[in-house]
Each structure stands twice: as C-alpha cells, then as structure tokens.
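Spelled out, the chains give:
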Amino acid sequence: MPKNKTMYNQGIIIAGMAVFIVLATFPFWYNLGKAAPAPERVLTAQAKAAKECILSAELMRTEHMQMLNEWRDMVVRDAARLYVSASGKPFEMSLSNTCLDCHSNKTEFCDRCHNYAAVDPYCWDCHIDNPKEIK
Amino acid sequence: MLELAIKGSKKYYGWMTLLLAGIGAGFIFYLWQYNFGLGITGMSRDVSWGFYIAQFTFLVGVAASAVMVVLPYYLHNYKAFGRITILGEFLAVASVTMCILFIFVDLGQPMRVVNVILYPTPNSVLFWDMIVLNGYLFLNIIVGWKVLEAERNGIAPPTWVKPLIYLSIPWAVSIHTVTAFLYCGLPGRGFWLTAILAPRFLASAFAAGPAFLILLCLLIRKLTKFDPGREQIQALAKIVTYGIIVNVFFLLCEVFVVFYSQIPEHMDHMTYLFFGLHGHGVLVPWMWTSVGLMLLAIVLLVNPVTRQNESVLAVACLAVFAGTWIDKGLGMISGGFVPSPLHHVNEYVPTIPEIIITLGVYATGFLILTALFKIAVSIKEEIAA
Amino acid sequence: MKRSRRKFLKIAGISALGIGAKPIIDGLAASVPSGETAEPQVQRKPEALTAKHWAMVIDTTRFKSREDFEPLIEACHSIHNVPDLKNKNHEIKWIWEEGYKHAFPTLENPYFEEQIKDLPFLVLCNHCENPPCVRACPTKATFKRESDGIVLMDFHRCIGCRFCMAACPYGARSFNFRDPRPFIKKTNLKFPTRMKGVVEKCNFCAERLAVGQLPACVEASNGAIIFGDLADPDSNVRKIISTRYTIRRKIYLGTAPSVYYIV
C-alpha cells in the first residue's frame, strides 16, 4: 500500500468522468422546460355513446395491458369468450372486434398514449388494427 | 486472472481482432435475420431445422468431451491429465456458449425465450436441455476458475469444488444424452427413432472433442512456453481412437438395421444420405467423404507407429473432427427431415447469410476459447518459471 | 484498504436491495384490485358448440378430383388469413390435398389402378388424442385443450423453436419464415394474422365453434365432412365410425388421430 494516496492519471480520469456525467444526464438538461404535454385522446361517437367500458377509465388506463393478457389466456386456452363486467354488461373478449369496434380511431386514441410513452406493443403484428397505424 | 486475457503478443491481438470482425459480420447478418425472419436461411417447411441446430448438436458433443479428461484424473487418479483438465473444462465452456448462441439465433421469436423459464414444461426435452446446458456451463466455469486460481496461488482448491467436479462427470454425459433425446423420442422421424442415437452421439463426441483438444494442445506447444505433454496427448489419442472406432461401429449397426430390415420409413433416410432419393442427393458426396475420413482416421490411429508420430496424429485428428462434423453437423439433420413425413423430398442447403451467422457464432466461441486458454496457459507458464 | 472496500460494496449492495424492495412491494400491492361491488365473470358464449372430444370424418368417396377440395381449402385459408407465399419452401398451409401414397405412405399398393394410386386426399392436423407436438413444446404454446380435445396454438407464447414441427408425424405444421401480412390476399378483419417466427396449423375453427358455427371446411364440404363429438355415443361421428370402415393416418405411432377417412 503506497504511503501517499496518489491518484494516477488524475487529469484524464476527472475529465472523462465529467464528459460521462454530461452525456448521461443529457436527456434531463436538454429537455429543460420543454416537457411534452400529456396526450389528448379522442373518443369516437360510438365510444361516447357506450359510456361504459370493460373497467372504469382509471383502471383501464393502468390495467388494460394486464387485462388483455388475462383475456388472451382465457380465450385461447380456456375457450371462454364472454366477459360480463361488474355492472352486468356483456362483452365479447376480442381486441380487434370489441375494443377496436368502439375505439375505431386507433391513431387518435391508442397510438396517442403509446407514442407519448414510447411504447411499441407488438399486438398489432397480428391483431388487425383499424385503421392501419401510421408511425 | 482476467487481466491475463487482455495482454498478449501482436499475433494474439491480431487473432482476437480477426475474431471480433467475424463476430461483427455475423451480428450484422443476424440483425437482418431478426428483421426479416428465418426466411433468409435455407430452412423450409419440410426441413424446419438446419445448420444452426446441427452445429448446436455437434458442439454439445465437443463440450461433453471434457469429461474424458476429468474422469481419468479425478476418478482414477491418472495424474498426467492434471496438466490439461483446465483445457478440457475451458473448451467445454466455449462449446456450451456456442450451443446456447446457436439455439438463440435459430429461434423465430428469440425475445420470448424467457417463456421456457416462465412456463416450465417437464414433458418437453427442450426444457431439460436448457437446464442441463446452462448447468454444465456454470459447473465448468466455476470448477475451472477455482482450480486454476488455486493452482496459481500454489494451494489446494477449496473443498466444495470437489463435489462439483464429481457432479460434472455424469452431467457431461447427460447433456449429450438429453440432446440426443430431443431427436430419438419423436415418433414421426424414422431416422432418429433409434435407441442407439444417444450412445452414437456420445461416441462421436468422445472422438471429436478430444481430437480437437489434441490439436489445441499441439498448437499451444508451438505458440507458447507451456507444453501440455507428450504423454497427455498420447493418452487423449487413445481415447480418440476408441471413440472413433465405436462411432463407426455404431454407424454400421444402424446401416445394418435399416438396410436388412428394409423398412422404408427407416431405410429411406439412409438411402437419401448415401445414395440419393428420387433424383435428389446433394449430401451424397459429403456422407461418403465423412465415412472415408473416419476410416482413414481409424487406420492412422490404430497403428501405434502413426499414432505416436505427432504430425500424422494431427492429420488423423483433423480427419476425425471433419468426419464427425459432417456426420453430425450436416447428415443427421437433413437425414431426419428428408424424406418428409408425407414422403416428399425437399432438400436443404444452407444459404450464405446463414453460414455467415454461423461463422459469427463460431468466432464468438473461439474468442472465449482463446481468452480462457490464454489465461490458463499464462498461469501455467507463470508456475513453471 | 481491502477490508473497507469490501465493506463498502456490502453496504452498497444491501442498500440497493433495500431501496429496490419498496417499488416491488408497491407493485405487488397495486396488482390486488381495489374492491368493486360485483365480480366480473368470464364464461362461454351460450351459443357455443361444445364437445368432450371433437373429431372429423371425411367421406373420401364424395371427392373425385383435386378441384373438389379447392372450395374447402379456400374457405379455411381465407377466413384464417393464411398467406399465399410463392416460395414453396416457406409455404403455409392448414389444410391441403395429397395423393394417396403421400397421405398414407404405409398403405401403398403398387397394383392400385392409376386413378386410385394418386387419388387426392384432404390432409390437415389430426388433433391427436396423444399428440407428440404437445409433448415436445417447451412452453406449452401448443397444447391440448382439456375441455374439448382440440390441439391449439397460443401464438403469443410460441418462441419459434420448431420442435413441434419436428415432432409432428404428419407434417401438419407450418412456420412463418417471414412476415405473412404482405401475402394475405384478402384480410379477414375478424381474425388475427400471425407474425413472423411462430408456428401455425389448423385449429379446428375453435373461434367458429365458440360462436356456434361448424368449421369452415365442414360447412364448405356440403356434408362430405362430418364433425362431431367422439365421446358422445349418439353423435353423428360415432354412428358413422361404428358402421363404416374408416382409416386414419399412421395410427401405429400411437398418436390416436381424430380425423377419420371413409374409403
């Protein structure tokens, strides 16, 4: 163990660390004051008229991913396709045919939030999106 | 100890850079495959497994061959192998890594590979294959590292390493048995549906692996100050000899069974491989070359005069490696799929992108192998000094 | 020096674990749904067709030539968005025709009349009772549904390892070697397509059975294909199989296929 705790290559290391910190915090200081506003989702006339979705709007916002996962297991693996919500309203469990039937404006509804959150769900690789997504 | 892999001669850096270039090329082509789909390979609806899975099958064998160095040393006190057990174990690490990479590049949806862990399926042999391959990888990394480290410090390895070493012996046999079980339990594939598939896999593994290890030892002796030892190489050569004889014997058993019984479902695949079927026979020259190489190897290895001449031994080992590679890495997959269950003949030939991705994976394996061997050899040189 | 660095790392690790625990516990707590008054229910549609063991009987005497099969194949492939790929190596087919010697390779008879030798047969997934593909799948992405015996694919879970394709003794499965969407002639919006990298095959029209319709090929066959419950002794399929001679493909393999052929 050396007696004086000399830091070798001090200049290069400190300079490198400074560059690294600048680069690593780039997203924060570059976007200061430029926070993008939360997206506005447009409901179709049909969606507005239906008033009620599978779950409440707050729950749908936070849970629709898990709910769709559970639905796919129930439809594909358990042969159960009819969902009766807590308030007694029946829905057929289908992304393309039920969800997108009401929310037929995918680009103004689904994509708004997904693009804002930089989420790219691969559901649309198979489930027909309606209308076709414009990236 | 890792710092030993970063320092080396100009030739070392040059070799590593070449390997990195190979990895880069393979990676770029893999990105193309990831984007487009497996359609850029030569695989088809009828031959749905190809070069990648063939390489995986062959390399599992090479990985399992580490047991041929570990077993004599630890179970039978054959002291001479103490010099080279680390080389066998590190070869196993590199081989198993390549196996796992080959499976990964072969998947149609690689990002979902975690599903195998999330939804464990004990009735599927692939599930067990994943377990035994990863287990063997960790076993060899831990055992090799600990023993090498202890050797460097001039002390005995910690006591908990011994049970792991003993575990690695049956585990090595299991990785290749499980891989064989992937094939030999499928009812619709007459070429693979044979009890001798697992023993044949092991026999060709114990021929190909030690043969490659001999070549590596000869290379190490030439390039470094560490000499694995003439006695060690000769002992390995005897193992290769028996391995290749048993492999060819098993092949003859299979040939007899299919051609004497004349059952089309079993015979047609051998016919396709060695004589062509319905005018298709792209693999025929390869299969006969493989047989020729293996027979040549037997002649050179059985005769002690040629076996003890290390230059001729090197040729024999190359013949063993090439012959078993063609047998397992080309013939076995195509042979199983052609003709199809509906008795159609659709041949398989790998495409250039497929080969480049394959070479990329091989480059990765060789990179790991070179780095690990550099560490091991540097330490051996250190001790000898 | 060494000891204090070790100590530092230990404390850092434990702190990371401790700080990381809170979001995990929060996450677990959140997944418990806040109580709603009534529980939502999931059930079968009342009009769904159900059976303990779906099976199919194909009356081959009703089909004289390849062209007779085309409307059936077209019906299946069109409603299921099966792509039409020009490259035969990558082709995807759920149901197709094969000559006799290909559909039943072990029942060849060299002295059959020419027209019988190559008589076209309709082949598809046999939805075996003892399916080797289900045994092989490492993720249960292909599975046999306990309720009705249909062997189905869960395209979300399939990792594309193609072990099931190797296991199938009938060559019934196809793999998406590339994105199928550009090759679908006319998309049926009611049914999803598949993506590249997954295996697919006939699904006995499970989605049609769930809404009370018979499979598309059965409907298009004008009675040449009978579809029913093999476990029900009074069903149409049981009546036919008990009285007429039927063959199945490769039964010596122990797969117990559910598709019977009246010859």
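Computed from a prediction, not measured in an experiment: that's the story for all the values here. (Residues numbered from 1 in each chain as written. Chains lettered and ligands numbered in written order. Predicted model: local features only at pLDDT ≥ 70, side-chain atom pairs only at ≥ 80, totals over all residues. Heavy atoms only, no water.)

We now examine the sheet that holds strand β2 (residues 90-92) of chain A. Here 3 strands make up an open sheet; going across it, the order is β2(A)-β1(A)-β1(C) and the pairing antiparallel. Two strands close off the open sheet at either side, each with one partner strand: β2 of chain A together with β1 (41-43) of chain C. Along the sheet, successive strands turn relative to each other by an average axial angle of 25 degrees, direction set aside. (Pairing = 2+ DSSP bridges. Helix = DSSP H or I, 4+ residues; strand = E, 2+ residues; numbered from the N terminus. Axes fitted to C-alpha atoms, helices over the stretch in contact; angles between N-to-C directions.)

This brings us to the environment of Trp124(A). Residues and elements named next belong to chain A. Along the chain, tryptophan 124 turns up in the segment after α6 (110-116). Its relative accessible area of 11% is what places tryptophan 124 among the buried residues. Separated by 118 residues in sequence, tryptophan 124 and threonine 6 place their C-alpha atoms 59 Å apart. (Buried < 20%, exposed > 50% of the residue type's maximum accessible area, 1.4 Å probe, protein only.)

As a further point, take the environment of His80(C). Here His80(C) is to be found in the loop between α2 (66-79) and β3 (95-99). If sequence neighbours within four positions are ignored, His80(C) has contacts with Trp94(C), Phe191(C), Pro192(C), Arg194(C), Asn203(C), Cys205(C) and Glu207(C). (Contact = heavy atoms within 4.5 Å.)

Strands pair in a sheet through their backbones, by hydrogen bonds, and they do so in one of two ways: parallel or antiparallel. Residue and element names in this part refer to chain C. Across the sheet, which stays open at both edges, the 4 strands sit in the order β9-β2-β11-β10 with mixed pairing between neighbours. Only two strands of the sheet have a single neighbouring strand rather than two, namely β9 (225-229) and β10 (246-247). Pairing of strand β2 (residues 54-59) with β9, which is carried by 5 bridges, proceeds in the antiparallel orientation. Considered in β9, the bridge of alanine 55 is made with glycine 228. Against the sheet, helix α9 (residues 236-243) touches β2, β9, β10 and β11 (259-262), its axis set at about 115 degrees to β9.

Our next topic: the environment of Gly14(B). All names here are of chain B. Assignment of secondary structure puts glycine 14 in helix α2 (residues 10-36). Looking at glycine 14, the relative accessible area reads 39%, which means it is partly exposed. For the pair glycine 14 and histidine 266, spaced 252 residues apart in the sequence, the C-alpha separation amounts to 49 Å.

All names here are of chain C. Where burial is concerned, most of strand β4 (residues 120-124) is hidden: 5 out of the 5 residues are buried. Burial along β4 is two-sided: Pro120, Leu122 and Leu124 facing one way and Phe121 and Val123 facing the other are all buried. Direction of pairing for β3 relative to β4: antiparallel, over a ladder of 5 bridges. For glutamate 98, the partnering residue across the bridge sits in β4 and is phenylalanine 121.

Right, let's talk about unusual backbone geometry for a bit. Of note, the bond from Val338(B) into Pro339(B) is cis; its omega dihedral lies within 30 degrees of zero at -5 degrees. In this structure, Pro339(B) sits in the loop between α14 (310-337) and α15 (352-384). We note that Asn9(A) has phi near 55 degrees; this positive angle belongs to a residue other than glycine. For Asn9(A), the position within the fold is in the segment before α1 (10-24). On the basis of relative accessibility, which here comes to 60%, the residue Asn9(A) falls in the exposed class. Look at Ala256(C): it is not a glycine, yet its phi comes out positive at around 50 degrees. With respect to the element layout, Ala256(C) can be found in the loop between β10 and β11. Residue classification places Ala256(C) among the partly exposed positions, given a relative accessible area of 22%.

Residues and elements named next belong to chain B. Per the stated rule, a full pass over the model turns up 35 aromatic pairs over all chains. Aromatic side chains tryptophan 49 and tyrosine 183 sit 5.9 Å apart centroid to centroid with 80 degrees between the ring planes, which places their arrangement in the edge-to-face category. Of this pair, tryptophan 49 sits in the loop between α2 and α3 (51-64) while tyrosine 183 is found in helix α8 (residues 161-184), placing the two residues 134 residues apart along the sequence. By relative accessible area, which is 3% here, tryptophan 49 ends up buried. Seen in terms of ring centroids, phenylalanine 275 and tryptophan 288 are 6.0 Å apart; in terms of plane orientation they differ by 65 degrees. Their pairing is edge-to-face. (Phe/Tyr/Trp six-rings, centres within 6.5 Å; stacked < 30°, edge-to-face > 60°.)

Now for the packing of helix α5 (residues 85-106) of chain B against helix α9 (residues 197-223) of chain B. Residues and elements named next belong to chain B. Between α5 and α9, the least distance of the axes is 11 Å, while the angle of their chain directions is 115 degrees. Two packed elements cross with a definite hand, and for α5 against α9 that hand is right-handed. Here α5 contributes Leu87, Gly88 and Leu91 to the contact with α9, which in turn contributes Gly209, Phe212, Leu213, Leu216, Cys217 and Ile220. When its residues are assigned to classes, the contact of α5 with α9 shows 7 nonpolar, 2 polar and no charged. (Left-handed = near helix turned anticlockwise from the far one by under 90°. Nonpolar A, V, L, I, M, F, W, Y, C, P; charged D, E, K, R; others polar.)

The next subject is the interface of chain B and chain C. The accessible area lost on association of the parts is a frequent measure of interface size. Facing the 38 residues of chain B at the interface are 49 residues of chain C. Summing both partners gives a buried area of about 3700 Å² for chain B against chain C, and 54% of it is carried by carbon and sulfur. On the chain B side of the contact with chain C, Arg45(B), Arg112(B) and Leu342(B) bury the most area, a combined 22% of that side's loss. Taken together, the links from chain B to chain C amount to 1 salt bridge. A salt bridge links Asp106(B) to Arg162(C), with the nearest nitrogen and oxygen atoms 2.6 Å apart. Scanning the region where chain B abuts chain C turns up 31 residue pairs in polar contact (both at pLDDT 80 or more). Looking at the side of chain B that touches chain C, the elements that each hand over two or more residues are α2, α6 (115-118) and α7 (125-153) of chain B. (Buried area = accessible area lost by both parts, 1.4 Å probe. Salt bridge = Lys/Arg side-chain N within 4 Å of Asp/Glu carboxyl O. Polar contact = N/O pair within 3.5 Å; in protein donor to acceptor, adjacent residues only side chain to side chain.)

We now examine the pattern of salt bridges. Side-chain pairing between opposite charges can occur once the charged atoms of the two side chains come close. Overall, the coordinates contain 21 salt bridges over all chains when judged by the stated rule. Note that Glu92(A) is salt-bridged to Lys45(C), the shortest N-O span being 3.0 Å. Highlighted residues: Glu92(A) in strand β2 and Lys45(C) in the loop between β1 and β2, drawn from two different chains. Here Lys45(C) falls in the buried class, since its relative accessible area comes to 14%. Residues Asp327(B) and Arg200(B) are paired through a salt bridge, measuring 3.1 Å at the closest nitrogen-oxygen approach. You can see Asp327(B) sitting in helix α14 and its partner Arg200(B) sitting in helix α9, a full 127 residues away along the chain. With a relative accessible area of 7%, Asp327(B) lands in the buried category. Looking at Arg200(B), the relative accessible area reads 8%, which means it is buried. Residues joined by salt bridges that share partners form a network here, namely Arg221(B), Asp227(B), Arg230(B) and Glu310(B).

Residues at a pLDDT of 70 or more form 100% of chain B, whose mean pLDDT is 95. Considering each helix and strand of chain B separately, the mean pLDDT is smallest for helix α1 (residues 3-6) of chain B, with a value of 90, and largest for helix α12 (residues 284-302) of chain B, with 97. (pLDDT = per-residue confidence, 0-100.)

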